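# Fold and contact review
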Amino acid sequence: MNNEEALGIVETTLREQHLSKLQVMVFRQAWEEQSYYAIAKTSGYEVGYVKQTGSQLWQLLSQAFGEKVTKSNLQLVLKRKAKELDRKSSVVKISHNSSPIKHYPVQIDWGDAPDIAPFYGRNEELSTLKKWILQDGCRLVGLFGMGGIGKTSLSVKLAREIQGEFDYVIWRSLHRAPPFEEFLEELIQSLTISQDIKLSHNFNHLILQLLTCLRMHRCLVVLDNIETILAPCDRSGGYLPGYEGYGQLLKCLGETNHQSTILLTSREKLQEIALIEGKFNPIRSMVLTGLSEKAIQDILRIKGDFFASTEEWAVLVERYGGNPFTLKIVAGTIQYLFNSSIPNFLESLEEDTSVFGDIRYLLASQMERLSDLESEIVYWLSIAQKPVTFSELRTDFVPQVSLADFLEALTSLERRSLLEKVTSTIKKKTQTLFTLKPLLMDYISNRLQEEFLQKLYS
Ligand SMILES: Nc1ncnc2c1ncn2[C@@H]1O[C@H](COP(=O)(O)OP(=O)(O)OP(=O)(O)O)[C@@H](O)[C@H]1O
Ligand SMILES: [Mg+2]
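Residues numbered from 1 in each chain as written. Chains lettered and ligands numbered in written order. Predicted model: local features only at pLDDT ≥ 70, side-chain atom pairs only at ≥ 80, totals over all residues. Heavy atoms only, no water.

## Observations concerning the confidence of the model for the chain
Mean pLDDT for the chain: 85, with 91% of residues reaching 70 or above. Here residues 89-102 is a poorly scored stretch, pLDDT under 50, and it has 18 contacts once near neighbours within four places are set aside; other chains count. (pLDDT = per-residue confidence, 0-100. Contact = heavy atoms within 4.5 Å.)

The structure is reproduced here in structure tokens:
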């Protein structure tokens, strides 16, 4: 019996379930008595991940065949199974030239994922994320960044490009803040679409049921807009009352062994990830920064032609931090009020740095989530109008608070992607300076001016 025939028996026995691409690779090479190291080498995956996939595969086969299957007794069990099937005359005869086993996701459910075409740039980010997920076998990946920077778009683009590597692909947005148990039940049902599964009424058992699905199959689950269920004004990254179960679930999904990937997007970095992420851990995070000038030009050209020199494009993109959401709004204004002339628009900004339209709502909604101390730091940074050092900020600007509170607030602002860090070297001494993202700086200055005028005329 060759490995194709053996795989045919496995597929027949597993019926509704399908092996993932890597499971098939491990099976074939284990059949040829290759070591995990050799499999890792030819497949390009890390050896730890290949071993983990192998152990999950033997577990799956043990359940299916009703006896212990290991890498070393694989041939023995399969040959016996083939004889049994032959005896019952129900064996699926497989020719030596049979075509390779087909792989396709059992279930793809895009939920309310937006249509992302056309998509520009982010090649580096895409290849890093693919490496983390497909080669390094990361279980939990966080995609963080300011509102409008492109988290959702990148998550959809990535999921579409790698969907063929998974048995299940599920995309869910949490923007309506679904209650935890409802969400968990729905997720388990989506991952067991072809099985008749009885859902537990016990919260911990439900988490275990989900883990079983994530172990049995290679699933990609994208959870968008996680910030919706995080408590505002909470520096510790806590959850809204009643939503703490999500935190427990994410912790468990990061710490427990399974062969799936959960990709999260959030405007605020999650505590569960911040604490355990690492270059050598299967838990990683990426903070998205602005898009390149080229990508922004491509996005805006869909709206129409703009008049600008290369330098003027650069000034515009930098001013709005390469944020595609804000730049799309600004582009509309430039078209209607400035005859599509970027220099004319930039000139108007020299007199008045007003932040307008939906950009205001976006920034206001991010500001509303800050604690009092975080707001205070933001206001002081805006008054400073230039990057300041840690000690300047602590001693000159922000009223005396304990160092612990101050550090926590500064870390929290960083996790919300609102701070900008600048490194400067004076007399061979390198120091880190803090300032606000340029757009936030303008917005806070506008707000301070408005508050001042209101006080003056009231
Ligand atoms: N790489 C890209 N190519 C083309 N358009 C993009 C790209 N990235 C983002 N956009 C566009 O920019 C806008 C904002 O993107 P997106 O909704 O993905 O941001 P977000 O970070 O998820 O924002 P939020 O925090 O509000 O959810 C959308 O209109 C989207 O289509
Ligand atoms: Mg989004």
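Continuing now.
## Some details on the site of ligand 1
Lining the immediate surroundings of ligand 1 are 18 residues, of which Tyr120, Lys151, Thr152, Ser153 and Arg267 lie closest. Tyr120 places a polar main-chain atom, nitrogen or oxygen, 2.7 Å from a nitrogen atom of ligand 1. One of the backbone nitrogen or oxygen atoms of Gly148 is found 2.8 Å away from an oxygen atom of ligand 1. Burial of ligand 1 by the protein chains amounts to 81% of its free accessible area of 620 Å². Secondary-structure elements contributing two or more residues to the shell around ligand 1 are helix H7 (151-162) and helix H14 (324-337). (Near = heavy atom within 4 Å. Polar contact = N/O pair within 3.5 Å; in protein donor to acceptor, adjacent residues only side chain to side chain. Areas by Shrake-Rupley, 256 points an atom, 1.4 Å probe, with all protein chains shown as cover. Helix = DSSP H or I, 4+ residues; strand = E, 2+ residues; numbered from the N terminus.)

## Some details on the pairing of strand E6 (residues 283-287)
By the criterion of burial, E6 is predominantly enclosed, with 4 of the 5 residues buried. Both strand E2 (residues 140-144) and E6 contribute to a ladder of 5 bridges, which runs parallel. Residue Gly142 lies in a different strand from E6, and its bridge partner there is Ser285. (Buried < 20%, exposed > 50% of the residue type's maximum accessible area, 1.4 Å probe, protein only. Pairing = 2+ DSSP bridges.)

## So, the nonpolar core
In terms of nonpolar packing, the biggest core is built from 46 residues, with Leu316 and Ile377 touching the most fellow members. Per-element tally for this core: the top contributor is helix H17 (residues 372-384), with 6 residues. Residues contacting Leu316, with those up to four places away along its chain left out, are Leu327, Val330, Ile334, Ile342, Phe345 and Leu346. Counting residues in each nonpolar core, the second largest holds 37 residues, with Leu140, Leu199, Cys213 and Tyr239 among its members. (Core = buried A, V, L, I, M, F, W, Y, C linked by side-chain atoms within 4.5 Å.)

## Section: the sheet that holds strand E7 (residues 388-389)
The sheet built from 3 strands is open, its strands ordered E7-E9-E8 with antiparallel pairing. Two strands close off the open sheet at either side, each with one partner strand: E7 and strand E8 (419-426). Each of E7, E8 and strand E9 (429-436) is contacted by H17, which is oriented at about 105° to E9, the strand it contacts most. In the packing of helix H20 (residues 438-457) onto the sheet, the strands contacted are E8 and E9, and the crossing angle to E9 comes to about 50°. (Axes fitted to C-alpha atoms, helices over the stretch in contact; angles between N-to-C directions.)

## Concerning the sheet that holds E2
The sheet built from 6 strands is open, its strands ordered E1-E3-E4-E5-E2-E6 with parallel pairing. With partners counted over all chains shown, the strands left at the sheet margins are strand E1 (107-109) and E6, one partner each. Looking at each pair of strands side by side, their axes are set apart by 15° on average, direction ignored. One ladder, built from 4 bridges, connects strand E4 (residues 219-224) with strand E5 (residues 261-266); its direction is parallel. The partner of Val221 across the bridge, within E5, is Ile262.

## So, the packing of aromatic side chains
A full pass over the atoms with the stated rule returns 9 aromatic pairs. A centroid spacing of 4.9 Å and a plane angle of 65° characterise the contact between Phe180 and Tyr246, whose relative ring orientation is edge-to-face. Of this pair, Phe180 sits in helix H8 (residues 180-191) while Tyr246 sits in helix H10 (residues 244-255); the two residues are 66 residues apart in sequence, bridging distant segments of the chain. For Tyr246, a relative accessible area of 2% gives the class buried. Here a set of aromatic residues connected by ring pairs shows up, and it is made of Phe180, Phe183, Phe203, Tyr243 and Tyr246. Lys71 extends its terminal NZ or CZ atom over the ring of Tyr36, reaching a point 5.1 Å from the ring centre. (Phe/Tyr/Trp six-rings, centres within 6.5 Å; stacked < 30°, edge-to-face > 60°. Lys NZ or Arg CZ within 6 Å of the ring centre and 35° of its normal.)

## Some thoughts on the packing of H17 against helix H19 (residues 403-415)
At their nearest, the axes of H17 and H19 sit 9 Å apart, and the two run at 75° to each other. The angle between H17 and H19 falls in the class roughly perpendicular. Where H17 approaches H19, its residues Leu373, Glu374, Ile377 and Val378 are matched on the opposing element by Asp405, Phe406, Ala409, Leu410, Ser412 and Leu413. Across the contact of H17 with H19, the residue classes tally to 7 nonpolar, 1 polar and 2 charged. (Parallel < 35°, antiparallel > 145°, perpendicular 65-115°, else oblique. Nonpolar A, V, L, I, M, F, W, Y, C, P; charged D, E, K, R; others polar.)

## Regarding a nonpolar patch on the surface
A cluster of nonpolar residues, Phe452, Leu453, Leu456 and Tyr457, forms a patch on the protein surface that exposes about 500 Å² of accessible area. Along the polypeptide, Phe452 turns up in helix H20. Overall, Phe452 belongs to the exposed group, its relative accessible area being 55%. (Patch = residues over 30% accessible without salt bridge, like charges linked within 9 Å, V, L, I, M, F, W, Y side chains within 5 Å. Salt bridge = Lys/Arg side-chain N within 4 Å of Asp/Glu carboxyl O.)

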